[in-house]
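Per-entry structural report
Spelled out, the chains give:
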Amino acid sequence: MITGIFYPDSGSIKFDGKSFDPANDSSKIGYMPEERGLYKKMKIGEQTLYLAQLKGLSKREAVTRINQWFDRFEMSTWWNKKVEDLSKGMQQKLQFVTTVLHNPKLIILDEPFSGLDPVNTNLIKDEIFELAKNGATVIFSTHRMEQVEEICDHIVLVNKGQKVLDGTVKQVKQDFKENLFRISFAQAVPNELSGADFLSIKKQEDNSLIIQRNENRSNNEILQYIINQGFSIESFNELLPSLNDIFIRQVEGTPLARRFQNLN
Amino acid sequence: MKKILLIIQREYLVRVRKKSFIITTLLFPLLYVGLIFGTAYMSEKGTTRLKIAVVDSSGKFTQARIDKENALDNSSTLVLLNENVDSLNKHFEDKGYDGYAVIPASTVIENRPDRIVIKSNRTLGLVSGVQIKLNNIWNEIKYEELGIDLEKRQLLNDSKLSVQAENMKDKGANGDIAAVIGYISGFLIYFILIIYGSQIMMGVMEEKTGRIAEIMVSSVKPFQMMMGKIIGIALVALTQFFLWIAFIFIIYNATKSGSVAGDSNVSQFVGGVQTVFTSVNVPLVVGMFAFYFLGGFFFYASLYAAIGSAVNEDMREAQSLSFPVTMIVIFAIFILMVAMKDPTGPLAVWGSIIPFTSPIVMMARIPYGVPGTVPYWQLGLSIVLLIATFILTAWFAGKIYRTGILMYGKKPTWKEIIKWALRK
């Protein structure tokens, strides 16, 4: 709706505290669709210039910025090539440049990393961080939960058109934690712990344990207990659920969830 | 407004810089000239020159008369032979003749001469050339026998009755020239509508299937996109027009100043141009041509743009949806043919008022004269209707475009498309 692709059924959009005005505010928005939206037969330089001018940049300014971005992305030699001559990953980079060239305040990225190699993924990831640091809001959609964990501050999970989850990454993880901890020992796992009433053992390995702390007990109590028993602890850390797990739990039972369960 | 200019600029430059544009622009006049001269040349070179033996039973055809005709026209050669028909029948091919003809003894002025038959062992095709020759000789013989001297002969030849229609309200109009001009301008509009209409459709389809539309609508309004494309392509068509006209003038000047300056063809052409200027209201025709060209173009272009936005990658879908529109344009050409011959008939009048066909049909009527052939009210009504329909079509097409360009998946039905158009 912000990009003008869909009509809102009801309600209104506010941008920068004011009612959203597509004619003027579109120059403050950068949108990168999942599929490539570029003229295949057009030269890359001209095409970028054209899209930048449509976003309201003057020709001279657009050229300067394109050159900056092309230098940064090592694309300077591409100016006279046609889009159809580029690989999918290269097209992706180009599309990203056209999306952010006019310094939008709001950047909407739909699956920006699909088809990219790790080097270019990092390149674009760094640019996204940089843009966010400079004050742009980035709306970013993906199915890759590890990317969400790495990049996002705030997440919204949508299943079948309904919002099922909304919050900061940290908050969501806290909300879904199960009080799981991993304790590593310097020696073999002591058997004495199994009898303790404030925890239950979930998994036992050679010299580490995954335990679930019972409600209303504190971490210190557990540590105190172990130390008192005379065992030396190498590490003690909380296992927060990954967003992947949360995702699966939230959409459990839907066809989409089954697909992700197979992945794990 | 700046954005729509950018879109126009892109649509224009991308197409004008294409090799295919340069090639068609250059090739079309060349092909056209080539076609005219080529067919003339071919008919000259490509036909066999008949050599016919003539046996004269009437005793009036002399070799001197025949030679005189042979010298004037070398497309066939007649040779007078004094031979027995039976032996000639066997040997005419050996002697190098394509056929032989016997001029019957009945060839006298007093009664109607029998038909002369050229006998041959193959099909000779048209022998009108031989007929003209023999008649020319026969005329000479007749004049001589009747005692008509050269001076009287001249009088007989020159004194002819000619018939021409005249419109009392518009004295200058010349039917033949008006018909030709009407045909050419109507046909040009037809040609441009068909060629550039499908270009618009393809352009819209490219933007849709290439998902460029998604990017574009986040920068500009879909209506701006559509109008930018239509205007850009209209300018391409106009550029092509002007280049063609420029070519014609260059060729015209080149032939005029060249060595053929005294050539009767050129002076005939110059004379022809002068007649056009005296018999047809050129500024009116040019102005109306520009109007109907643009009006018709915008009207049909928005239809084609709407269709292009509604279909997916499949060319067949596009063809089946655009077929009705193309049919109307072709239908208009048929009305044009009628209107050329009968510019005030009901079909021509209504065809030139109804906006679907008016851009093409009206151009066939205007050269006959305004208000002589086309009364002011008809012209005015036609213009107003075309403008109104264009605005209405662009409005609805914009709605269809707005929905269609971002709609993927199955092919929409006409019913669905109409629903898109009516949505507020």
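Computed from a prediction, not measured in an experiment: that's the story for all the values here.

Each value, and the rule that gives it
- Residues numbered from 1 in each chain as written.
- Chains lettered and ligands numbered in written order.
- Predicted model: local features only at pLDDT ≥ 70, side-chain atom pairs only at ≥ 80, totals over all residues.
- Heavy atoms only, no water.
- Helix = DSSP H or I, 4+ residues; strand = E, 2+ residues; numbered from the N terminus.
- Rg over C-alpha atoms; globule rule 2.2 N^0.38 Å.
- Buried < 20%, exposed > 50% of the residue type's maximum accessible area, 1.4 Å probe, protein only.
- Contact = heavy atoms within 4.5 Å.
- Areas by Shrake-Rupley, 256 points an atom, 1.4 Å probe, with all protein chains shown as cover.
- Phe/Tyr/Trp six-rings, centres within 6.5 Å; stacked < 30°, edge-to-face > 60°.
- Lys NZ or Arg CZ within 6 Å of the ring centre and 35° of its normal.
- Salt bridge = Lys/Arg side-chain N within 4 Å of Asp/Glu carboxyl O.
- Pairing = 2+ DSSP bridges.
- Axes fitted to C-alpha atoms, helices over the stretch in contact; angles between N-to-C directions.
- Core = buried A, V, L, I, M, F, W, Y, C linked by side-chain atoms within 4.5 Å.
- Buried area = accessible area lost by both parts, 1.4 Å probe.
- Polar contact = N/O pair within 3.5 Å; in protein donor to acceptor, adjacent residues only side chain to side chain.
- Domains from an automatic or database assignment.
- Parallel < 35°, antiparallel > 145°, perpendicular 65-115°, else oblique.
- Left-handed = near helix turned anticlockwise from the far one by under 90°.
- Lys, Arg positive; Asp, Glu negative; His and termini not counted.

1. Some points on the overall build of chain B
From N to C terminus, chain B includes 16 helices and four strands. In terms of C-alpha radius of gyration, chain B reaches 31 Å, well past the compact-globule figure of 22 Å for 424 residues. Counting all 424 residues of chain B, 43% fall into the buried class. Summarising the internal contacts of chain B: among those between residues at least 6 apart in sequence, 76% fall at separations of at least 24. Entry remark: accessible area of chain B is about 23,500 Å², with carbon and sulfur atoms responsible for 66%.

2. Focus on the packing of aromatic side chains
Taken as a whole, this structure holds 20 aromatic pairs over all chains when the rule is applied. Aromatic pair Phe298 of chain B and Phe390 of chain B: ring centres 5.2 Å apart, planes at 35°, arrangement tilted. With Phe298 of chain B in helix α11 (residues 282–310) and Phe390 of chain B in helix α15 (residues 376–404), the pair connects residues that are 92 residues apart, well separated along the chain. Look at Phe299 of chain B and Phe356 of chain B: their rings are 5.3 Å apart centre to centre, the planes differ by 70°, and that puts the pair in the edge-to-face class. With Phe299 of chain B in helix α11 and Phe356 of chain B in the loop between α13 (346–353) and α14 (358–365), the pair connects residues that are 57 residues apart, well separated along the chain. Counting every residue linked through ring pairs, the aromatic cluster contains Phe241, Phe289, Phe293, Phe297, Phe298 and Phe390 of chain B. The ring of Tyr39 of chain A has Arg10 of chain B sitting right over it, with the charged end atom 3.5 Å from the ring centre. The ring centre of Tyr97 of chain B lies 5.1 Å from the NZ or CZ of Lys51 of chain B, which sits over that ring.

3. Let's talk about the pattern of salt bridges
Here the structure, examined in full by the defined rule, presents 15 salt bridges over all chains. For the salt bridge of Glu84 of chain A with Lys41 of chain A, the shortest nitrogen-to-oxygen distance reads 3.4 Å. Note that Glu84 of chain A is positioned in the loop between α3 (59–72) and α4 (88–100) and Lys41 of chain A in the loop between β3 (29–32) and α2 (44–54), a separation of 43 residues in sequence. Residue class for Lys41 of chain A comes out exposed when judged on its relative accessible area of 55%. The closest approach of N and O atoms between Lys95 of chain B and Glu83 of chain B, which form a salt bridge, is 2.5 Å. In this pair, Lys95 of chain B is assigned in the loop between α4 (85–91) and β3 (99–103) and Glu83 of chain B in the loop between β2 (76–80) and α4, connecting sequence segments 12 residues apart.

4. Some words on the sheet that holds β3 of chain B
Residues and elements named next belong to chain B. One open sheet holds the four strands; their spatial order is β2-β1-β3-β4, and the pairing between them is mixed. The open sheet is flanked by β2 and β4 (118–119), the only strands paired with a single partner. The sheet contact formed by β3 and β4 spans two bridges and is antiparallel. When the bridges of β4 are listed, Tyr100 appears paired with Lys119. Running at roughly 50° to β2, helix α5 (residues 128–146) makes contact with β1 (50–56), β2, β3 and β4 of the sheet.

5. Some remarks on the nonpolar core
Phe96 of chain A together with Met216, Tyr292 and Phe297 of chain B are the most contacted members of the largest nonpolar core, which has 134 residues in total. Element by element, the count of residues in this core is highest for α11 of chain B, at 15 residues. Residues in contact with Phe96 of chain A, not counting those within four places in the same chain, are Met32, Trp69, Phe73, Leu109, Ile124, Glu127, Ile128 and Leu131 of chain A. If you look at the next biggest cluster of nonpolar residues, it comprises 14 residues, including Ile52, Ala101, Ile103 and Ile137 of chain B.

6. Some remarks on the interface of chain B and chain A
Taken together, the 23 residues of chain B in the interface contact 24 residues of chain A. Approximately 2,300 Å² of surface area, both sides summed, lies buried where chain B meets chain A, with 55% of it carried by carbon and sulfur atoms. Applying the counting criterion to the chain B and chain A interface returns one salt bridge. Ionic pairing is found between Arg17 of chain B and Glu46 of chain A, a salt bridge with its closest N-O pair at 3.1 Å. At the junction of chain B with chain A, the criterion picks out five residue pairs in polar contact (both at pLDDT 80 or more). Taken together, the elements giving at least two residues each to the side of chain B that touches chain A come down to α1 (2–16), α7 (175–209) and α8 (212–217) of chain B. A per-element tally of the side of chain B that touches chain A places α1 of chain B first, with seven residues.

7. Considering the environment of Gly404 of chain B
With respect to the helices and strands, Gly404 of chain B occurs in helix α15. With residues up to four places along the chain from it excluded, the contact list for Gly404 of chain B reads Lys208, Ser309 and Trp420 of chain B.

8. Looking at the domain arrangement of chain A
Under the domain assignment used here, chain A contains domain 1 (14–141) and domain 2 (178–239). Its C-alpha centre places domain 1 of chain A at a distance of 50 Å from the equivalent point of domain 2 of chain A.

9. Concerning the sheet that holds strand β5 (residues 137–141) of chain A
Residue and element names in this part refer to chain A. Pairing is parallel across the open sheet formed by three strands, whose spatial order is β3-β4-β5. Single-partner strands in this sheet number two, and they are β3 and β5. With strand direction ignored, the average angle separating the axes of adjacent strands in the sheet is 10°. Two elements, β3 and strand β4 (residues 106–110), share four bridges in a ladder whose sense is parallel. Across the sheet, the residue bridging to Met32 is Leu109, located in β4. The sheet contacts of α4 involve β3 and β4, and relative to β3 the element is tilted by about 165°.

10. Notes on the packing of α2 of chain A against α3 of chain A
All names here are of chain A. Between α2 and α3, the least distance of the axes is 9 Å, while the angle of their chain directions is 125°. Accordingly, the angle class assigned to the pair α2 and α3 is oblique. Judged by the twist between their axes, the crossing of α2 over α3 is right-handed. Here Ile44, Gly45, Thr48, Leu49, Ala52 and Gln53 of α2 come into contact with α3, specifically with Lys59, Ala62, Val63, Ile66 and Phe70.

11. Observations regarding the side chain of Glu214 of chain B
Structurally, the position occupied by Glu214 of chain B is in helix α8. Of the side chains with opposite charge, Arg211 of chain B comes closest to the buried, unpaired Glu214 of chain B, at an N-O distance of 4.0 Å.

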